[in-house]
Amino acid sequence: MTSFAAYQNEIYLQGLGGAVPPFTTDPDALEQSARDRLGPGPFWYVAGGAGSSATVRANREAFDRVRIVPRMLTNATERHLGVTVLGTELPAPVMLAPVGVQSILHPDGELATARAAAELGVPMVLSTASSHTIEEVAEASGDGPRWYQLYWPNDPDVCASLLDRARKAGYTALVVTLDTWTLAWRPHDLDQAYLPFLRGVGTAIPFSDPVFRAGLQKSPEEDLPMAILRWVQLFTGTDKSWDQLAFLREHWDGPIVLKGIQHADDARKAVEYGMDGVVVSNHGGRQVDGAVGSLDALPSIVEAVGEQVDVLFDSGIRTGADIVKALALGAKAVMVGRPFAYGLAHGGQVGVKHVLRSLLADFDLTLGLSGHRSPADLGPDALRFS
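Predicted model, so just to flag it, every value in this text is computed and none were measured.

Observations regarding the overall build of the protein
And then number 1: From N to C terminus, the protein includes 16 helices and twelve strands.
And then number 2: Its C-alpha atoms give the protein a radius of gyration of 20 Å, near enough to 21 Å, the size a compact globule of 386 residues would have.
And then number 3: Seen through its C-alpha atoms, the protein measures out along the principal axes to roughly 70 × 50 × 40 Å.
And then number 4: The buried share among the 386 residues of the protein stands at 56%.
And then number 5: Partitioning the contacts of the protein with sequence separation of at least 6, the portion at a separation of at least 24 is 74%.
And then number 6: For the protein, the separation between the mean place of its 32 positive charges and that of its 45 negative charges on side chains is 3 Å.

Some remarks on the pattern of salt bridges
Oppositely charged side chains may form a pair once their charged atoms are brought near each other.
And then number 1: Under the counting rule described, the total for this entry stands at 15 salt bridges.
And then number 2: Among the ionic pairs, K332 bridges to D310, the shortest N-O distance being 3.5 Å. Of the two residues, K332 sits in the loop between helix 15 (320-328) and strand 11 (333-336) while D310 sits in strand 10 (residues 310-314), which places them 22 residues apart along the sequence.
And then number 3: The class of K332 is partly exposed, set by a relative accessible area of 33%.
And then number 4: The exposure class of D310 is buried, given its relative accessible area of 17%.
And then number 5: A single salt-bridge network, built from bridges that share partners, covers E135, R165 and D209.

As for the UniProt feature "domain: FMN hydroxy acid dehydrogenase" (unreviewed entry) in the protein
And then number 1: What UniProt calls "domain: FMN hydroxy acid dehydrogenase" (unreviewed entry) maps, in this numbering, to residues 19-386.
And then number 2: The span residues 19-386 is 43% helix and 12% strand, and its two end C-alpha atoms sit 41 Å from each other.

Thoughts on the UniProt feature "active site" (unreviewed entry) in the protein
And then number 1: Following the UniProt record, one finds the feature "active site" (unreviewed entry) at H283.
And then number 2: Summarising the element assignment, H283 is placed in the loop between strand 9 (277-280) and helix 14 (294-305).
And then number 3: Once residues lying within four places of it in the same chain are set aside, the contact partners of H283 are Y151, T177, D179, T180, R186, K259, D314 and S315.

Here's the deal with the nonpolar core
And then number 1: Grouped together as the largest cluster of nonpolar side chains are 105 residues, with contacts concentrated most on Y148, Y171 and F313.
And then number 2: If one sorts the elements of this core by residue count, helix 16 (residues 338-369) sits on top with twelve residues.
And then number 3: Other than its neighbours up to four places away in sequence, Y171 contacts L126, I134, V137, A138, R146, W147, Y148, A166 and W252.
And then number 4: The next biggest cluster of nonpolar side chains, apart from the first, holds 15 residues, and it includes M95, V175, V279 and L312.

Description of the packing of helix 13 (residues 264-272) against helix 14
And then number 1: In the contact formed by helix 13 and helix 14, the axes pass within 8 Å of each other and the chain directions differ by 35 degrees. Considering the relative orientation of helix 13 and helix 14, their crossing is right-handed. Along its contact with helix 13, which presents A264, A267, R268 and V271, the element helix 14 presents S300, I301, A304 and V305.
And then number 2: Taken together, the residues of the contact of helix 13 with helix 14 break down into six nonpolar, one polar and one charged.

Here's the deal with the side chain of R318
And then number 1: Take R318: it is sitting in the loop between strand 10 and helix 15.
And then number 2: Here R318 sits buried without a salt bridge, and the closest side chain of opposite charge, E31, lies 5.1 Å off (N-O distance).
And then number 3: Those residues in contact with R318 that lie beyond four places of it in its chain are P27, R60, R338, P339 and L359.

Here we look at the packing of aromatic side chains
And then number 1: Per the stated rule, a full pass over the model turns up ten aromatic pairs.
And then number 2: Between the aromatic rings of F43 and Y342, the centroid separation amounts to 6.2 Å while the plane-to-plane angle is 20 degrees, which identifies the pairing as stacked. Note that F43 is positioned in helix 3 (residues 40-47) and Y342 in helix 16, a separation of 299 residues in sequence. You'll find F43 and Y342 in the same group, each marked buried.
And then number 3: For the pair W231 and F235, a centre-to-centre distance of 6.0 Å together with 25 degrees between the ring planes defines the contact as stacked. Highlighted residues: W231 and F235, both in helix 11 (residues 224-235), separated by four residues, approximately one helical turn.

Rules of the game
- Residues numbered from 1 in each chain as written.
- Predicted model: local features only at pLDDT ≥ 70, side-chain atom pairs only at ≥ 80, totals over all residues.
- Heavy atoms only, no water.
- Helix = DSSP H or I, 4+ residues; strand = E, 2+ residues; numbered from the N terminus.
- Rg over C-alpha atoms; globule rule 2.2 N^0.38 Å.
- Buried < 20%, exposed > 50% of the residue type's maximum accessible area, 1.4 Å probe, protein only.
- Contact = heavy atoms within 4.5 Å.
- Lys, Arg positive; Asp, Glu negative; His and termini not counted.
- Charge placed at Lys NZ, Arg CZ, Asp CG, Glu CD.
- Salt bridge = Lys/Arg side-chain N within 4 Å of Asp/Glu carboxyl O.
- UniProt positions renumbered as here; feature names shortened; annotations may be inferred.
- Core = buried A, V, L, I, M, F, W, Y, C linked by side-chain atoms within 4.5 Å.
- Axes fitted to C-alpha atoms, helices over the stretch in contact; angles between N-to-C directions.
- Left-handed = near helix turned anticlockwise from the far one by under 90°.
- Nonpolar A, V, L, I, M, F, W, Y, C, P; charged D, E, K, R; others polar.
- Phe/Tyr/Trp six-rings, centres within 6.5 Å; stacked < 30°, edge-to-face > 60°.

Given below as structure tokens:
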């Protein structure tokens, strides 16, 4: 049984020799420190939101309105955090959300993240917008669990090729992001005129794809502008329909999860169209300004489909208490994004591992101190709503 809480003792014991953690354990301070380390373009590409950032704020405000009600004398000394989600055994109900273009934060990018995740047995969800290829990240991940996130290209042959590569490379579940078929109005990125893809950064997966390359007169190495133009045409500007999910099912024989679900009716349609799970997510507030906080959307979706498919949660997770709240409201597991990205900016693999160990230790301790021995013990009665 893994005791993630042991990281706390490890830090204190190292302090006896004068050592302190290489990076802060405070999520707010970590974000500020990342801002100090990064240029405005890379930092705001991660931290920024759509429009006025009202949805970014709504995500955190939703957590603040929910309070944990601790229970005493529950024999919570020993805890078991493991869960199984879509056939993947997790040591804790936490996975790394798909975050693109990670090389803008650290040269090793997704390779460092994959290695850190594999060390802890935490699944990494690889973004189609990766700075490294599907195969390179799989190699870095080793035996670690890994899922693949699809930004759905408009060319069916390219789409089928990406899915085939992911399956061959050992990615076991497909996460289809629905809410980013075109970029939202993002003032922080616009003010810097900063979009890494237009510089050929975050395009490693399509640019290495044989079907994508076959559609070019010259390779991306020979004519980068034309390759980028084709990328723009394939990956932005076209919404899809529910009927088109049949194509993905035809070309992917593992679990399929729809990411970006915020309405119970969409969750029901996901079940109707044969999907295996949904991710309650608003893309961390980066797509629709003024949208509902993701945690506020969670209960109605769990009520609608929670007994039929796995409901995962994303957008706003910062602390162990946040994980407890999301699980108590019915999420099977959570995805964490910005915090590990800030860890990557601080120290590559070491930084990601430190952030994950800190988050998992916080969750482990909060779970026990609130009177619970496993995620299965959590329910709405563990919370109070203000």
